[in-house]
Amino acid sequence: MSPELGHFALALAFCVSLVQAAAPFASGGGAERRLGIARAGARVQFLLVALSYAALTHAFVTHDFSVAYVASNSNLELPLFYRISAVWGAHEGSMLLWVLILAGWSCAVSASGAPLPAHFQARVLGLLGALSAGFHLFLLWTSNPFERLLPAALNGRDLNPLLQDPGMAFHPPMLYLGYVGLAVPFCFACAALLDGRLDAKWTRWTRPWTTMSWTFLTAGIALGSWWAYNELGWGGWWFWDPVENASFIPWLVATALLHSLAVSEHRAAFKSWTVLLAIFGFSASLLGAFLVRSGVLVSVHAFATDPQRGVYILAFLGVVVGGALTLYAARAGRIRDGGAFEYLSRETLLLVNNVLLVVVAAAITLGTLYPLAYQALGWGTLSIGPPWFNLMFAPFMLLLALLAGIGPHTRWRSDTLGPLARRLRPAAVATLLLGLLVLFLLSARTLGVGLALLIAAWVAASTLQNFRQRLRAGSRMALHRLPRGFLGMTLAHLGVAAFIVGATLTSAVSTERDVRLAPGESHEVAGYRFEFLDVHEVPGPNYEARRALIDVRRNGERVALLAPEKRVYRSDGQAMTEAAVDAGVTRDLYVALGEPLGGGAWALRIHHKPFVRWIWGGAALMALGGILAVTDRRYRRRRRAERRTPAGEAAPALR
Amino acid sequence: MKTRHLVPLLVFAALAVLLGMGLDLNPRIVPSPLVGNSAPEFSLPRLEDPARRFERSDLLGRVSLLNVWATWCVGCRDEHPLLVDLARSGTVSIFGINYKDQYRPALDWLRRYGNPYVTSGYDAEGLAGIDFGVYGLPETFVIDPQGNIVYKHVGPLDPAVLEEHILPIVRSFEGASG
Amino acid sequence: MKALGVTLLLIACACPAGATVFEPREWSDERHRQRYHDLIEELRCLVCQNQSIADSDAELAADLRRIVFEMIEGGESDEAITAYMTERYGDFVLYRPPLTPFTVALWAGPALFALIGGTMLAVTLRRRRSREDAGTLSAADRQRAERLIAGED
């Protein structure tokens, strides 16, 4: 399979995406016919991009160093697994993956939309096609991954060793599935605005797509954080790096959208706000792409940059986001929001949730872009790092979590304080007991830590109580009768609690020691004795490693045998610290090997990180919740039902 | 159309303008707080004669360039011919700080590529470099007759930088003094 | 056009994230160790610009870590140490930006956003309540809404 074929397929895909974009808006022909063309377009486009992607993968697998991109990002010694993941290891290939995923979402919309009116579905596909066309053009014009290198290189420069890690191999596809997935609600919103009609159906269609993208985004961000923890050798899991922020802002907006869709679906309220959030979500994705690929911000993760690319993405951003917001400005006035509600109601709490999430997203955007504005205004340079972000993030998030414990217990439309408080009392009591116990056990240091743990306990207790009430309210064998949407929410909120516990305890009570140890010597950290046994040479597939053996004991009993490595990659001589981690539910023991210090002694960094797993565990629970919610029978049954007959109400009463 | 529905569009427009401005900036260049202030005190052994010291007071009385260099720095090699030519033209006196380098190779380097410096201070520990806020070699400071830093350039000098930024400053002092 | 070339020529050239060098240090006082860690986490490396000097493998970062260590052990205050850094490298080295007339918007921004959000929230809530009083909900809407409530709650 030749690179030219891949390039040609990409060019064809661009043409097909133009057809997909234009057909639904052409005059003449029936709606069904236009939909047929758009559908076929989406599928053919996907096949073509997949072919192109396969061609690039093939070039990597077969070491075709006559392709410039392969020559810069692979090497004869690179193991097969990383040759496949190296496709998205740099700008051009990752953009191809992006385009593939967008075509994939297009295809999914074309395949699944049975209940959508034909003209509406056609327009959604048309808009997705237009987005695809924009990205295809970007690839073909500024970032061709198939560019030839003649004469061919004898060997490639190699994939950055930092990216040779399973976490990094899976993180970008997950993240892109999320980023690009937000294009679907975005196009739903724009299509609805074009129609000038926004009813409850719109939200019902949009919701599973949003949930899916959100799930991928959650998993992608968590994987990235897990990778940083394992691979960077610092034991940190979040750095507020501009590129991390670029993924976190869309997540916050998507989370807000998820909650606002709940209101729009149940109560037909906040519809214009929901539409705006759907627009914001994908806009935040695009902004992230701009920040990562244009070089306007300094980041460890940023791709090699080229001003021409920055100009293109900015122009594209202007057309897409500017267009959508203009459409919004013109049409939002026509959206009629129904559903009045009282001050104390679930609507109010969900609205507060939205305000908080959007405020945090705006704050993080401010912190990310402020250095840019500072420099553009000629004030000099400025750094904004973790101290600022943590300060601006934590209070809002804790407030949000506090409300997450109350919201699900509140009734739609109107509630009264007395009965609500009575319903929440068991959870409150449980929280206090649990909180006191935890505070006692950990002798927490500061007020902030104590507060955060109490709030985590509160979220967990009230979520579990809500779950139990719903379980009792149903009949026997009720678990599988509970709507999966509800189960999903329960898991996700428990995930929030777990995340807060992990993040708080890891930052508050971790221990880190840089020590000098010779074979036979040992050092004690947090009750664990780390004995340095020896260091020996270990050959790797494409690197030479020196591996230390550390015997970890507690009260004389072996807990783990850790083997941190110092690798030197043969292709470019880059050194990498490969930390060894003994993972546990309540703590991680983390050892990284430094430099030899003479006399057989080595520098070692030892971390004791309590509850750090809970950070990713929490994210995993959230993602699992997302998966459950997507498979809610409301969506499945409706689809099945509408395929047969226009059925009536789907969800059974649960009281 | 209600005005409040226009707000998101306006906010986005402002953001887009900012991002567009960002494309023309280099976020990596950090302006030095020392520019406009008195050059820090230092005292280093001279590379060609370690028994003698090179000090801040040596810079006083005339406008001068202070160039921070090292043999391991690729950019220093690139800009070196320019410095040699400049020294030969006699326009301005050039002083050097040999930053975190080895003694012998540094001398050999000057012998091989020419020595444009009146003298070079040997800063093995890099402490003078830190006092000058050095972070990316080569760096070049323009220091006025009173010992104030009036300009700093990070990265290799090229004829454009020299003509547009450095020489005008140098000439302005010559005009004032003579 | 950006001077991208410059980035290639920085001291010790590469920033191999993932190859952190760490120095075992002897402390006269445990509190000094904590202060040291807190400080080097908040100082930004000028060579590897998206790492703190705690994480950076650049030689300059190692020098600066040593200076922080020596200043702490020499009895200097945190303020004196950050002043030492900003005198040489400017506010750029501080990950916690100082409050100046130029950063007021940064520090006050999130609170301002919250204020705007809160105001919008209050307005919306008031309007929503009065809407019910005015009874603008159509009969069909109301019926459907009640069905949904019955179905979902």
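Residues numbered from 1 in each chain as written. Chains lettered and ligands numbered in written order. Predicted model: local features only at pLDDT ≥ 70, side-chain atom pairs only at ≥ 80, totals over all residues. Heavy atoms only, no water.

Asker: Quick rundown of the state of the cysteines? Include the residues and the values.
Answerer: All names here are of chain B. Counted under the stated rule, the structure contains one disulfide over all chains. Two residues, Cys73 and Cys76, share a disulfide whose sulfurs are 2.3 Å apart. An S-S torsion of about 90 degrees defines the bridge between Cys73 and Cys76 as right-handed. With respect to class, Cys73 is no different from Cys76; both count as buried. (Disulfide = S-S within 2.5 Å. Buried < 20%, exposed > 50% of the residue type's maximum accessible area, 1.4 Å probe, protein only.)

Asker: Talk me through the interface of chain C and chain B; I want residue IDs and the actual numbers.
Answerer: Listed by partner, the interface residues are 24 residues for chain C and 29 residues for chain B. Counting the surface lost from both chain C and chain B, the interface buries some 2200 Å², and carbon and sulfur atoms represent 60% of this. A salt bridge links Glu59(C) to Lys100(B); the shortest N-O distance between them is 3.1 Å. Between the two partners, chain C and chain B, sit three residue pairs in polar contact (both at pLDDT 80 or more). Secondary-structure elements contributing two or more residues to the side of chain C that touches chain B are α1 (4–8), α3 (59–73) and α4 (78–89) of chain C. Residue contributions to the side of chain C that touches chain B peak at six residues, all from α3(C). (Contact = heavy atoms within 4.5 Å. Buried area = accessible area lost by both parts, 1.4 Å probe. Salt bridge = Lys/Arg side-chain N within 4 Å of Asp/Glu carboxyl O. Polar contact = N/O pair within 3.5 Å; in protein donor to acceptor, adjacent residues only side chain to side chain. Helix = DSSP H or I, 4+ residues; strand = E, 2+ residues; numbered from the N terminus.)

Asker: Would you mind going over unusual backbone geometry in detail, with residue names and values included?
Answerer: With an omega dihedral of -5 degrees, the bond running from Leu150(A) to Pro151(A) counts as a cis peptide bond. Position of Pro151(A) relative to the elements: it lies in the loop between α6 (118–142) and α7 (166–181). Here Leu137(B) and Pro138(B) are connected by a cis peptide whose omega angle stands at -10 degrees. Counting through the fold element by element, Pro138(B) comes out in the loop between α4 (127–131) and β6 (139–143). Here the phi dihedral of Trp240(A) falls at roughly 55 degrees; this positive angle occurs in a residue that is not glycine.

Asker: Provide a residue-level description of the pattern of salt bridges, including the pertinent values.
Answerer: Scanning the model with the defined rule gives 37 salt bridges over all chains in all. With a closest N to O distance of 3.3 Å, Lys566(A) and Glu595(A) form a salt bridge. Residue Lys566(A) is located in strand β6 (residues 565–569), and its partner Glu595(A) is located in strand β9 (residues 587–598); the two are separated by 29 residues in the primary sequence. You can call Lys566(A) buried: its relative accessible area is 5%. Salt bridges linked by common partners bring Lys100(B), Glu59(C), Asp63(C), Arg66(C) and Glu70(C) together as one network.

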